[in-house]
Amino acid sequence: MAAGRHSKKEVAEALRGLPDHFIVVATDAGHRWGYVECTVCGDRLSIWSTPRSPGNHAKDIARFAARHEHPERKKKTEQEKEGGS
Ligand SMILES: [Zn+2]
């Protein structure tokens with residue numbers, strides 16, 4: 001996880017809850033806080049510093065994560081950590 005925390009609680013929590021195959025990059029350039037990148041396919045979602053509705057923006061992030069679950073990869077990861085908690 002990148003350093004830097006989003007000032008909106010809902011957004012910060014949505015970012016924190018992302019699975020390991022997402023990276024959060026805080027660029028902090030104006031109204032664009034940064035982005036979330038799916039390391040499996042390289043798709044990105046922009047994160048805004050001051051979203052009109054933090055709750056909706058958190059949902060955007062959750063939806064992006066749901067769209068990029070990449071279950072095949074997940075299964076592989078689970079096999080790799082076999083026996084781990
Ligand atoms: Zn993806």
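As a starting point, this report considers the structure included with it. A quick note: this is a predicted structure, and the numbers were derived from the prediction, not measured.

**Description of helix α1 (residues 9-16)**
Then, in step 1: Turning to α1, its buried residues are V11, A14 and L15. For α1, the buried positions fall inside an angular range of 100° around the axis, keeping them on one side. Every exposed residue of α1 that faces more than 90 degrees away from the buried side is listed here: K9 and R16.
Then, in step 2: Buried residues belonging to α1 abut β1 (22-29), β2 (32-38), β3 (44-48) and α2 (54-67).

**Some remarks on the nonpolar core**
Then, in step 1: The biggest cluster of nonpolar side chains holds 11 residues, and these are V11, A14, L15, F22, V24, W33, V36, C38, I47, A58 and I61.
Then, in step 2: If you list the elements that add at least two residues to this core, you get α1, β1, β2 and α2.
Then, in step 3: When near neighbours in sequence (up to four residues on either side) are disregarded, A14 contacts A58, I61 and A62.

**Concerning the environment of H70**
Then, in step 1: Residue position: H70 is located in the loop between α2 and α3 (71-80).
Then, in step 2: Taking C-alpha positions, H70 is 9.4 Å from H21, a pair spaced 49 residues apart along the chain.
Then, in step 3: Sequence-distant contacts of H70, that is, excluding residues within four places in its chain, are made with H21 and V40.

Cut-offs used in this document
Residues numbered from 1 in each chain as written. Predicted model: local features only at pLDDT ≥ 70, side-chain atom pairs only at ≥ 80, totals over all residues. Buried ≥ 20, exposed ≤ 12 C-beta atoms within 10 Å, placed from the backbone. Helix = DSSP H or I, 4+ residues; strand = E, 2+ residues; numbered from the N terminus. Arc of directions from axis to C-beta. Contact = placed C-beta atoms within 7 Å. Core = buried A, V, L, I, M, F, W, Y, C linked by C-beta atoms within 7 Å.

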